[in-house]
Amino acid sequence: MRLPNYLLASLICLPESFANLLGPSYPPPRDLSSSHSRVATSWKNLTSQLSTVLADNQTNKTSGVYALRNLTFSAGLFSTLDPKAKDLQFHHTASEVANSPVGVKKVDGNSIYKVASVSKLFTVLAGLIELKPRDWDLPLTEIFPFLAEHVRKQHDKFRLVYDVQWDKITLRSLAGQMSGIPHGATEEFLQTFALYKYLEGSHDPALTDPNFYGLPPLNESDLSLWPPCLGEQTIGCNLVSWDVGYATRPPVFLPWQSPEYANGGYIFLGLAISNLTGKTMDEWYSDSIFEPLGLKSTYSSTPDNSTRSHSVLSEVLDTQFTPNGGVTNPSGGLFSTTNDLSKLGVALLNSTLLSSEKTREWMKPVTHTSSLRYSVGSPWEIHRYVHAGSGVVTDLYTKLGDSGFYGGIVVVIPDFDAGFTLLGASTQPGRSSEVLLAIDLITDAILPALIEQAAIEAARKFAGTYKAAGLNSSLTLTVVPPTHPAPGLNITSWISNGTDITALVPRLFGDIGSRLVPSIVSEQASGEIAFRGYTATQGRNPGVASSSRLFSSFYDLNDWTMLDQLTWGGIATSLFVFDVDKNGTVKSVTPGAYRLKMAKN
């Protein structure tokens, strides 16, 4: 006799071991901005504390949060369900910007920053819109004829460790940081030595003498050893086109071997979009993103002088703000504002420019990293936030920018249909760490508040008793708070046609508990939300497994293998469908297998 899969799984599972599915514990919150929202309260507390610290010019403290006084920055929230969330912003103008003879004097949501590598997010999105699906899997040698010629010439003397396999690299591998090509914006010692020696007359051997590092002598007049010129740069570089000069550099990895951050990949991606569409870079950014979303203060090349009074500048900042990056713009040369980035975040979550299935496909990892809490997408840096108490994991789909005097981030949180942005600028050497600190402060304030607000709204909307008309059938639900190791909806009573089946709920769910969590949230489209019953979480160090039980704990920690296993007439006994009106009010619930709608009292 062969046991059904759901019985076999229940026998293998240890009863005290539980796990979480990937996804939210409650439907996303609709109120982030009102005075009653935990999110608005948490934001107000954070920004009030920041205001106090940043206004304190009497203290000598310069580390930690106090270091943010030297950082000009703008931060703001966004939500698809609460349009007023965009008004939750915070801005700080450091003295170098406030006292500058050029640029904006006090930053706000319309202040223009250089966004550095946040540009990569725009580039991939534009590519998804402009390119045909098959284009993403074309080898670069089919897009760039000179690369095909280069590969042909290298055929007889090809060396795997010194020659990039350009005929094996695709746009998909470039976007996912899996091409293995050289970084593309590295510091060249040869260039550094020459510039300091000849242009500045420095006598510091660390800057002018290769022997200081034991490096062998090179012929400085051999331009093939120099990096190709980028943007408006014409001094101290090889005056060949960027792609030709770059093609001869050794690879870091083989294609699809390991993630490696490569600015050069997005430069090639930008060039490829132009080659395949016949449009200029400015045209395809504008056609695919800027114009459809109404991003009036976002630019794919240096904005003209009319924007100077709105730009985050100082006399020193201007040296990096003004030059046009040319072919490097798709990697790190775009400009934008807090308000425009919020529009972009809402558009991503709403699938405004892509189909919803394409958006969901895009917001998934391409590869792991060596960290259990950090994965890589296209171009996403996916941070895995673990909520205290419950151990629930929320994936943050982010793109960080960090270059020179400018940096920032876009954070998209699909589980909450929300996110936030931060843009910063400073000439201080600590600019990068200060931006990251500000991002951490926002994350630690907002993520707990989002799940708390979602739980509060779930309790108000879903908790209670549902009854069927004309039958002795009822269902009572409570909401387990996010501080509990089993957040979600809990079935506390279930009467079916006069029979109390509450004690049988775990069996009806395939012996995996009585907890309900959302699986398909589509209230905006169809007015229905699907929940699934499955195991509750029990306190366990999230993301870390004992090496001695790496495989024997498989069923303890992988409830995705246990879903949808027990059905009645083809419909899972674990499926519950709620009817929700346009205001988010829950009207009724239908336990799918029971084919019976019960109205909420």
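Heads up: the structure comes first, above all this text.
Residues numbered from 1 in each chain as written. Predicted model: local features only at pLDDT ≥ 70, side-chain atom pairs only at ≥ 80, totals over all residues. Heavy atoms only, no water.

When helices and strands are counted, the chain shows 20 helices and 21 strands. For 601 residues, the compact-globule estimate of 2.2 N^0.38 gives 25 Å, and the chain sits close to it at 28 Å. Referenced to the eigenvectors of the C-alpha coordinate spread, the extents of the chain come out at roughly 90 × 65 × 50 Å. Restricting to contacts in the chain with at least 6 residues of sequence separation, those with at least 24 account for 65%. Per element, the accessible surface of the chain, about 27500 Å² overall, is 54% carbon and sulfur. One finds the centroid of the 46 positive side-chain charges in the chain at a distance of 8 Å from the centroid of its 54 negative side-chain charges. (Helix = DSSP H or I, 4+ residues; strand = E, 2+ residues; numbered from the N terminus. Rg over C-alpha atoms; globule rule 2.2 N^0.38 Å. Contact = heavy atoms within 4.5 Å. Areas by Shrake-Rupley, 256 points an atom, 1.4 Å probe, with all protein chains shown as cover. Lys, Arg positive; Asp, Glu negative; His and termini not counted. Charge placed at Lys NZ, Arg CZ, Asp CG, Glu CD.)

Attention now moves to the nonpolar core. Ranked by size, the top nonpolar core spans 67 residues in total, and within it Phe122, Leu140, Trp166 and Phe268 carry the most contacts. Apart from residues no more than four positions distant in its own chain, Phe122 is found in contact with Tyr285, Ile289, Phe290, Leu295, Thr298, Leu334, Leu341 and Leu344. In this structure, Leu50, Ala445, Leu450 and Val505 belong to the second largest nonpolar core, which totals 59 residues. (Core = buried A, V, L, I, M, F, W, Y, C linked by side-chain atoms within 4.5 Å. Buried < 20%, exposed > 50% of the residue type's maximum accessible area, 1.4 Å probe, protein only.)

On to the side chain of Glu260. Positionally, Glu260 belongs in the loop between helix 10 (242–246) and helix 11 (263–277). Among buried charged residues, Glu260 stands out as having no salt bridge; its nearest opposite-charge side chain is Lys120, 11 Å away. Aside from chain neighbours lying at most four places away, what touches Glu260 is Gln177, Gly180, Ile181, Pro182, His183, Val252 and Phe253. (Salt bridge = Lys/Arg side-chain N within 4 Å of Asp/Glu carboxyl O.)

Let us now look at the sheet that holds strand 9 (residues 406–413). Taken in spatial order, the eight strands of this open sheet run 2-1-10-9-8-7-6-5, and their pairing is antiparallel. Looking at strand neighbours, the two that pair on one side only are strand 2 (89–92) and strand 5 (367–368), the edges of this open sheet. Of the pairings in the sheet, the one linking strand 1 (residues 72–79) to strand 2 comprises four bridges and is antiparallel in character. For Phe73, the partnering residue across the bridge sits in strand 2 and is His92. This element, helix 15 (residues 338–350), spans strand 1, strand 2, strand 9 and strand 10 (418–425) of the sheet and lies at about 30° to strand 1. Packed on one face of the sheet, helix 17 (residues 431–461) meets strand 1, strand 7 (381–386), strand 8 (393–403), strand 9 and strand 10 and runs near 160° to strand 10. (Pairing = 2+ DSSP bridges. Axes fitted to C-alpha atoms, helices over the stretch in contact; angles between N-to-C directions.)

What follows deals with helix 11. With 15 residues, helix 11 extends 22 Å between its outermost C-alpha atoms, agreeing within 8% with the 21 Å of an ideal straight helix rising 1.5 Å per residue. Among all positions of helix 11, only Asn263, Gly264, Gly265, Tyr266, Ile267, Phe268, Leu269, Gly270, Ala272, Ile273 and Ser274 are buried. Just past helix 11, the residue Gly278 takes up positive phi, approximately 75°. (Expected span 1.5 Å × (residues − 1).)

Before going further, it helps to spend a moment on the pairing of strand 20 (residues 586–591). Of all the six residues making up strand 20, five are buried; the element is thus mostly covered by neighbouring parts of the structure. Pairing geometry for strand 19 (residues 575–580) and strand 20, over five bridges, is antiparallel. Residue Phe578 lies in a different strand from strand 20, and its bridge partner there is Val589. Inspection of the sheet shows strand 20 paired to strand 21 (residues 598–600) by two bridges, in the antiparallel sense. Its bridge partner lying in strand 21, Val589 is registered against Met598. Here strand 20 folds back onto strand 21 in antiparallel fashion, the turn holding six residues, of which Arg595 has a positive phi close to 50°.

As a further point, take the pattern of salt bridges. According to the stated counting rule, one finds 15 salt bridges in the structure shown. Across the pair Asp402 and Arg431 runs a salt bridge, and its minimum N-O distance is 2.7 Å. A residue pair is termed long-range when its members are at least 10 positions apart, and Asp402 in strand 8 and Arg431 in helix 17 qualify at 29 residues. The buried category is assigned to Arg431, whose relative accessible area is 3%. Ionic pairing is found between Lys597 and Asp579, a salt bridge with its closest N-O pair at 3.1 Å. Taken together, the residues span a long stretch of sequence, with Lys597 in the loop between strand 20 and strand 21 and Asp579 in strand 19 at a distance of 18 residues. Here Lys597 falls in the exposed class, since its relative accessible area comes to 52%. In this structure Asp579 comes out as buried when scored by relative accessible area, which is 15%. It is possible to trace a salt-bridge network through shared partners that takes in Glu130, Lys279 and Asp287.

This structure, assessed with the given rule, holds 22 aromatic pairs. With centroids separated by 4.9 Å and ring planes inclined at 55°, the aromatic side chains of Trp494 and Tyr594 adopt a geometry described as tilted. Of the two residues, Trp494 is situated in strand 13 (residues 488–496) and Tyr594 in the loop between strand 20 and strand 21; the sequence distance between them amounts to 100 residues. On the basis of relative accessible area, Tyr594 is assigned to the partly exposed category, the value being 30%. One aromatic cluster is present, built from ring pairs that chain together Phe144, Phe146, Trp166, Tyr246 and Phe268. (Phe/Tyr/Trp six-rings, centres within 6.5 Å; stacked < 30°, edge-to-face > 60°.)

For the rest of this paragraph, the subject is the environment of Lys296. Here Lys296 lies in the loop between helix 12 (281–293) and helix 13 (318–321). Considering only alpha carbons, one finds Lys296 and Phe189, 107 residues apart in sequence, at a separation of 40 Å.

On the surface, a cluster of nonpolar side chains totalling about 450 Å² of accessible area is made up of Phe158, Leu160, Val161, Tyr162 and Leu254. When you line up the elements, Val161 lands in the loop between helix 6 (145–154) and helix 7 (171–175). (Patch = residues over 30% accessible without salt bridge, like charges linked within 9 Å, V, L, I, M, F, W, Y side chains within 5 Å.)

Moving on: unusual backbone geometry. Along the chain, Ser378 connects to Pro379 via a cis peptide bond; the corresponding omega equals 0°. Mapped onto the secondary structure, Pro379 falls in the loop between strand 6 (374–376) and strand 7. The phi angle at Gln177 is positive, at roughly 55°, despite the residue not being glycine. The topology assignment puts Gln177 in the loop between helix 7 and helix 8 (189–199). Exposure remark for Gln177: the relative accessible area of 6% places this residue in the buried category. One non-glycine residue with positive phi stands out, namely Asn497, at about 50°. Along the polypeptide, Asn497 turns up in the loop between strand 13 and strand 14 (499–500). Residue classification places Asn497 among the exposed residues on the basis of a relative accessible area of 54%.

Everything listed here is a matter of coordinates, which is why it stays silent on function.
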